[in-house]
Amino acid sequence: MPQLIAGNWKMNCLSAEAIALAEAIAAGASGITAELLVCPTALHVAAVAKALAGTAVAVGGQDCHQATHGAHTGDIAAPMLRDAGAGWVILGHSERRQNHGETDELVREKTVAAVEAGLRPIVCVGETADQRSGGQETEVVGWQLAGSLPKPFDGVIAYEPVWAIGTGKTATEQDVAVMHAFIREELVRQFGDAGQTVRILYGGSVKASNAVSLMAVPDVGGALVGGASLNAEEFLTIARAARAG
Ligand code: 13P
C-alpha cells in the first residue's frame, strides 16, 4: 500500500489562500506515488474539493460530530463533510482532545459516524511530554487505541506525540519505530489479521528535512503534517520522500 501524506491545515488560510495552496499542491503532484490528502478547515472543504476535482489530491475534514444531524449549534456532521466533497476526516486530534475535552469514547462515536457517512477516518493518538517522561507512553497510547476505535475499524491511525506537535521537536526514528511496532501489535490484538494492514501515520514536526528518514522507519504508513503542509513545495517534498508501497 502506498504511504499516505496528509496535510492538516488546522485553523489556517482564508478561502483564496486555501484554494491557491490546493491548486499548487495538485499542480506539483505528478510523479508522486504517495496518496495525497489535504484537510482544510470545514468552511473550505467544498471550495478545495472543487479546486481539486479530477486531481490526485483528496480532501478531508478535521473533525465531525457523532450525530448525523440535529440541535448541535456550531457542529458539523459527517454526512455534511461527505456532501461537501470530503473523502476523509481527522478524528481525535490532540488539539481536540485537549481544547475540547474529547474522550476516547467520543472519538469512537465520531469514527463510527464518519464511516457510516462514507468518510475514511484518521484517528489520532499520542502521549504528552509528562506521560513520556514518566515512562507511560505505550500505556497511554494503548488505552487510546482500545477506547477510540470501533470494531471493525476501517481507517488509518496517526501517532502524534503531543510534545512533537508544532514544537519543531521530532520523535527519533527509534522512538517512532518502537511506538509504531507497539501500535501494530495492539491493532492485531484488537482486530486480528485486519490489524496488519491498517496504515499508521507519524505526525509531529514532519518537514522536508526529516521526511526521508521518518518515512523509511518500518511500519510508518505515511505522515500527518501540520505546519509544513501550508507550503506547497515543502509538502510536495515530504510526499516525494514517501515510499510507493
Ligand atoms: P506540526 O507538523 O505542525 O507539528 O503538526 C502536526 C499535527 O498536529 C498534524 O496533525
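About the criteria used
Residues numbered from 1 in each chain as written. Predicted model: local features only at pLDDT ≥ 70, side-chain atom pairs only at ≥ 80, totals over all residues. Heavy atoms only, no water. Pairing = 2+ DSSP bridges. Helix = DSSP H or I, 4+ residues; strand = E, 2+ residues; numbered from the N terminus. Axes fitted to C-alpha atoms, helices over the stretch in contact; angles between N-to-C directions. Contact = heavy atoms within 4.5 Å.

Our focus in this paragraph is the sheet that holds strand β3 (residues 57-61). The 8 strands lie next to each other as β1-β2-β3-β4-β5-β6-β7-β8, forming a closed barrel whose pairing is parallel. Taken pair by pair, the neighbouring strands of this sheet meet at an average axis angle of 25°, ignoring direction. The pairing of strand β5 (residues 120-125) with strand β6 (residues 156-159) spans 4 bridges and is parallel. Across the sheet, I122 pairs through a bridge with V156, a residue of β6. Its contacts with the sheet place helix α2 (residues 45-52) against β2 (35-39) and β3, and it is angled at close to 170° to β3. Most of the contacts of helix α8 (residues 173-191) go to strand β7 (residues 200-203), to which it runs at about 145°, and overall it touches β5, β6 and β7.

In this section: unusual backbone geometry. Put simply, K151 and P152 share a cis peptide bond, and its omega is -5°. Position of P152 relative to the elements: it lies in the loop between α7 (137-148) and β6. Phi at K10 is positive, roughly 50°, even though this residue is not glycine. Structurally, the position occupied by K10 is in the loop between β1 (4-8) and α1 (15-27). One non-glycine residue, S205, lies in the positive phi region at around 55°.

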